[in-house]
Amino acid sequence: MQRYSMEMDDETKKPSFWFNVDYPTNIVKLHRDNCIHCSPEPSKFKKVNRLDRNGGWMEFSSAQDAKEYYEEKEADKVWLPCKVCKPLVSKPKRHGS
Ligand SMILES: [Zn+2]
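Residues numbered from 1 in each chain as written. Predicted model: local features only at pLDDT ≥ 70, side-chain atom pairs only at ≥ 80, totals over all residues.

Draft legend 1. View of the overall build of the protein chain. Within the protein chain, the secondary structure is distributed over one helix and five strands. For the protein chain, the α and β elements follow one another from N to C terminus as β-β-β-β-α-β. Scored against the burial criterion, the 97 residues of the protein chain give a buried share of 20%. Residue pairs in contact within the protein chain that sit at least 24 positions apart in sequence constitute 59% of those at least 6 positions apart. (Helix = DSSP H or I, 4+ residues; strand = E, 2+ residues; numbered from the N terminus. Buried ≥ 20, exposed ≤ 12 C-beta atoms within 10 Å, placed from the backbone. Contact = placed C-beta atoms within 7 Å.)

Right under this line is the structure:
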């Protein structure tokens, strides 16, 4: 089923997770896209969905995908899932609307 992805508050959209690779601090942080600490914005040496000199923000559709990417590509960094949005804890499903 095709959907327009213009609406940012569409609750049916797939969950996104953002993986913040930071080379200067050697830390990889994982956030949910609605986390207050999640700010995937490109800067001079840091890009979005692309790694630059200081790292970058990578988007994943699941925390598991992000973890696998980390283990494969960035395993020498410190893995630090965010303590605020707890990306590795699955949220209880809500019923009704
Ligand atoms: Zn977070």
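From this point, things continue past the structure.
Draft legend 2. Fine view of unusual backbone geometry. Although it is not a glycine, N26 sits at a positive phi angle of roughly 65°. A positive phi is found at N49, a non-glycine position, where the angle reads about 60°. By the element assignment, N49 lies in the loop between β3 (47–48) and β4 (55–60).

Draft legend 3. The arrangement of the pairing of β4 in detail. Within β4, five of the six residues are buried, which leaves the element mostly enclosed by the surrounding structure. Note that β3 and β4 share two bridges and pair parallel. When the sheet's bridge partners are listed, K47 is paired in β4 with G56. (Pairing = 2+ DSSP bridges.)

Draft legend 4. Summary view of the pairing of strand β1 (residues 17–22). A large share of β1 lies buried, amounting to five of its six residues. Here β1 runs beside strand β2 (residues 27–32); their pairing, made up of six bridges, is antiparallel. Its bridge partner lying in β2, F19 is registered against L30. Adjacent in sequence and paired antiparallel, β1 and β2 are bridged by four residues, among which N26 carries a positive phi angle near 65°.

Draft legend 5. View of the nonpolar core. The biggest cluster of nonpolar side chains holds 12 residues, and these are F17, W18, F19, V21, V28, L30, C38, W57, M58, F60, A63 and A66. Those elements that provide at least two residues to this core are β1, β2, β4 and α1 (63–73). (Core = buried A, V, L, I, M, F, W, Y, C linked by C-beta atoms within 7 Å.)

Draft legend 6. Up close: the sheet that holds β1. The strand order across the open sheet formed by five strands is β3-β4-β1-β2-β5, and the pairing between neighbours is mixed. Because the sheet does not close on itself, it has two edges, and the strands there are β3 and β5 (78–81).

Draft legend 7. Quick peek at the environment of L30. Position of L30 relative to the elements: it lies in strand β2. Other than its neighbours up to four places away in sequence, L30 contacts F17, F19, A63, A66, P81, C82 and P87.

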